[in-house]
Amino acid sequence: VQSGCSRLYHSTNHSSEMATKPRGLLERLKAGETIICAEGYLFEFERRGYLKAGAFVPEVVVEHPELVKAMYREFVHAGSDVVLAFTYYGHREKLRVVGREADLEAMNRTALKLAREVADETGTLMAGNICNTTCYDPDKPDTHDECRQIFKEQIEWAVEEGADFIVGETLGMYGEAMLALECIKQYGKGLPAVVTLVVHRDPDTLTDGRSVVDAVKALEEAGAAVVGFNCCRGPFTTLPLVEKVKGKVKVPIAALPVLYRTDEQYPTMQSLLNHKGSRAFPVDLDAFLCSRTMIAEFGQRCKELGLQYVGLCCGNASHFTRTLAESLGRTPPASKYSPDMSQHFAYGTDKKLHGINTEKVVKLL
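A quick note: this is a predicted structure, and the numbers were derived from the prediction, not measured. (Residues numbered from 1 in each chain as written. Predicted model: local features only at pLDDT ≥ 70, side-chain atom pairs only at ≥ 80, totals over all residues. Heavy atoms only, no water.)

Student: So what about the pattern of salt bridges? Which residues, and what values?
Tutor: Evaluation of the coordinates by the stated rule reveals 26 salt bridges. The shortest N-O distance in the salt bridge between R100 and D103 comes to 2.7 Å. Its salt-bridge partner being R116, residue D164 comes within 3.1 Å of it at the nearest N-O pair. Of this pair, D164 sits in the loop between α8 (141-160) and β4 (165-171) while R116 sits in helix α7 (residues 104-122); the two residues are 48 residues apart in sequence, bridging distant segments of the chain. Judged by relative accessible area, D164 falls into the buried class, the value being 17%. Classification of R116 by relative accessible area gives buried; the value is 13%. Salt bridges sharing common partners tie together R23, R28, E33, D81 and R330. (Salt bridge = Lys/Arg side-chain N within 4 Å of Asp/Glu carboxyl O. Helix = DSSP H or I, 4+ residues; strand = E, 2+ residues; numbered from the N terminus. Buried < 20%, exposed > 50% of the residue type's maximum accessible area, 1.4 Å probe, protein only.)

Student: So what's going on with the pairing of strand β3 (residues 125-131)? Residues and values would help.
Tutor: For β3, the tally of buried residues reaches 7 of 7 residues, placing the bulk of the element in the interior. The side-chain alternation of β3 yields two buried faces, one formed by L125, A127, N129 and C131 and the other by M126, G128 and I130. Strand direction decides the pairing type here: strand β2 (residues 82-84) and β3, joined by 3 bridges, are parallel. Bridge pairing in β3 links L84 to A127. In the sheet, β3 pairs with β4 via 5 bridges, with the strands oriented parallel. Across the sheet, residue A127 finds its bridge partner in β4, namely F165. In this fold, β3 hands off to α8, which returns the chain to β4; that crossover is right-handed. (Pairing = 2+ DSSP bridges. Right-handed = clockwise from strand over helix to strand, strands pointing away.)

Student: With reference to specific residues and values, describe a nonpolar patch on the surface.
Tutor: Side chains of M341, F345, Y347 and L365 sit close together on the surface and give an oily, nonpolar patch of about 440 Å² of accessible area. Since its relative accessible area comes to 46%, M341 is described here as partly exposed. (Patch = residues over 30% accessible without salt bridge, like charges linked within 9 Å, V, L, I, M, F, W, Y side chains within 5 Å. Areas by Shrake-Rupley, 256 points an atom, 1.4 Å probe, with all protein chains shown as cover.)

Student: Outline the packing of helix α5 (residues 65-78) against α7, supporting the account with residue identities and numerical values.
Tutor: Running from N to C, α5 and α7 cross one another at 40°; their axes reach a closest spacing of 10 Å. Where α5 crosses over α7, the two elements pack in a sense that is right-handed. Within the contact between the two elements, α5 uses P65, V68, K69, Y72, R73 and V76 and α7 uses T110, A111, L114, A115, E117, V118, E121 and T122. Class assignment for the residues of the contact of α5 with α7 results in 8 nonpolar, 2 polar and 4 charged. (Axes fitted to C-alpha atoms, helices over the stretch in contact; angles between N-to-C directions. Left-handed = near helix turned anticlockwise from the far one by under 90°. Contact = heavy atoms within 4.5 Å. Nonpolar A, V, L, I, M, F, W, Y, C, P; charged D, E, K, R; others polar.)

Student: Quick rundown of the nonpolar core? Include the residues and the values.
Tutor: One finds Y72, F86, F165, F229 and Y309 to be the most contacted residues of the largest nonpolar core, which totals 119 residues. Among the elements that make up this core, the one with the highest residue count is helix α9 (residues 174-187) (9 residues). (Core = buried A, V, L, I, M, F, W, Y, C linked by side-chain atoms within 4.5 Å.)

Student: Give me the packing of aromatic side chains: which residues, what numbers.
Tutor: Counted according to the given criterion, the structure contains 10 aromatic pairs. Ring centres of F45 and F86 lie 5.9 Å apart, and the angle between their planes is 15°; this geometry places the pair in the stacked category. Separated by 41 residues along the polypeptide, F45 in helix α3 (residues 41-47) and F86 in the loop between β2 and α6 (92-98) bring together distant segments of the chain. With 6.3 Å between their ring centres and 45° between their planes, F56 and F281 make a pair best called tilted. Separated by 225 residues along the polypeptide, F56 in the loop between α3 and α4 (60-63) and F281 in the loop between β7 (253-256) and α12 (292-305) bring together distant segments of the chain. F56 sits in the buried class, given a relative accessible area of 7%. (Phe/Tyr/Trp six-rings, centres within 6.5 Å; stacked < 30°, edge-to-face > 60°.)

Student: Provide a residue-level description of the state of the cysteines, including the pertinent values.
Tutor: For the structure shown, the criterion picks out 0 disulfides. Among the cysteines around C131, which has no disulfide bond, C231 carries the closest sulfur, lying 10.0 Å off. In this structure C231 is a free cysteine whose sulfur lies 3.7 Å from that of C314, the closest cysteine sulfur available. Residue C231 is classed as buried on the basis of its relative accessible area, which comes to 9%. (Disulfide = S-S within 2.5 Å.)

Student: I'd like a description of α12, backed by residues and values.
Tutor: A rise of 1.5 Å per residue sets the reference length of α12, with its 14 residues, at 20 Å; its end C-alpha atoms lie 20 Å apart and thus fit the reference within 8%. Along α12, the positions that sit buried rather than exposed are I295, A296, F298, G299, C302 and L305. Considering only its buried residues, α12 is in contact with α11 (235-245), β7, β8 (309-312) and α13 (318-327). (Expected span 1.5 Å × (residues − 1).)

Student: Any chance you could break down the packing of α11 against α12 for me, citing the residues and the numbers?
Tutor: The relative placement of two packed helices is expressed as an angle between their axes plus a distance between the axes. In the contact formed by α11 and α12, the axes pass within 11 Å of each other and the chain directions differ by 5°. In terms of their interaxial angle, α11 and α12 are classed as roughly parallel. Where α11 approaches α12, its residues P235, F236, L239, V242 and E243 are matched on the opposing element by M294, I295, F298, R301, C302 and L305. Along the lines of polarity and charge, the residues of the contact of α11 with α12 split into 9 nonpolar, no polar and 2 charged. (Parallel < 35°, antiparallel > 145°, perpendicular 65-115°, else oblique.)

Student: Would you mind going over unusual backbone geometry in detail, with residue names and values included?
Tutor: Put simply, F281 and P282 share a cis peptide bond, and its omega is -5°. By the secondary structure assignment, P282 is in the loop between β7 and α12. Positive phi, normally seen in glycine, also occurs at Y89, with a value near 60°. If you check the backbone angles, K189 has positive phi at about 55° while not being a glycine. Positionally, K189 belongs in the loop between α9 and β5 (193-197). You can call K189 exposed: its relative accessible area is 72%.

Dropping the structure here:
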């Protein structure tokens, strides 16, 4: 049964790995491979009606675990090399806000166990996930202790549930990013660390004043296996960040933008304005979704830059992940159903189609 699932969901590019344990993150990066990591569970479950925008706590993990497992499979089917455990914002500070502290360990362990199961059946890697705590204050040392506890317990649960590496993501302050990395090194039992920063409107400086370039270099020096950027910015405003730090570090650079059309004037999804001039985040972001062609262009540029860790964050869905994978030369199982307009009743070219549609109706559409 397990090998059948593996054949069904695993990318055809790595079919030889299906019968054995997949090579680890570091081994694959050293071999020059590019790792695709699908993020974006939070927004996708909100769109599907299983998660509340605002607090953005992954309550769906304990309320509908079968749906979480299905989405893990869906992203792998679309080309993700990593099953990222859905523990983003599943930490004690966020659960305190919504009054679900009692669910903390169950929420984390369930997300991790399900991720491990899907990774095992599909021959992919499983990553634990820690993120911005929302309580870190560079000027208040007591919050640093609180953040350390948050990171420690989530990392230890990830290790116990069999993570292959740990992702520290959406970290907008250098101090918190470095603390997250220190905790992965201290409590992660040697697992590699992928650390991605979130850069807000100022493209040069993090929230606590550290320059983006200096922060990335410091994270590399402190032992991160991969450094880069995720969330907040769309493809068109994330790529300039990557280009800025490329050549400044020797470790692989990560790029995982949100799926929204940000630009120089509105560089982040939070800065976008809806048709009435109000903040579009979060419920009116749909109008700013990137097209699949845009995501293909993003993937092609990542390939040109030689990026080895790429993915998509908020706004992601399986068809976007498939597009990204295909732009990198992959043919995941979902490619079986990639668009083919040759048999469209009006726009098609197949000789079995009716001329009244391809010659006459097509002109009226």
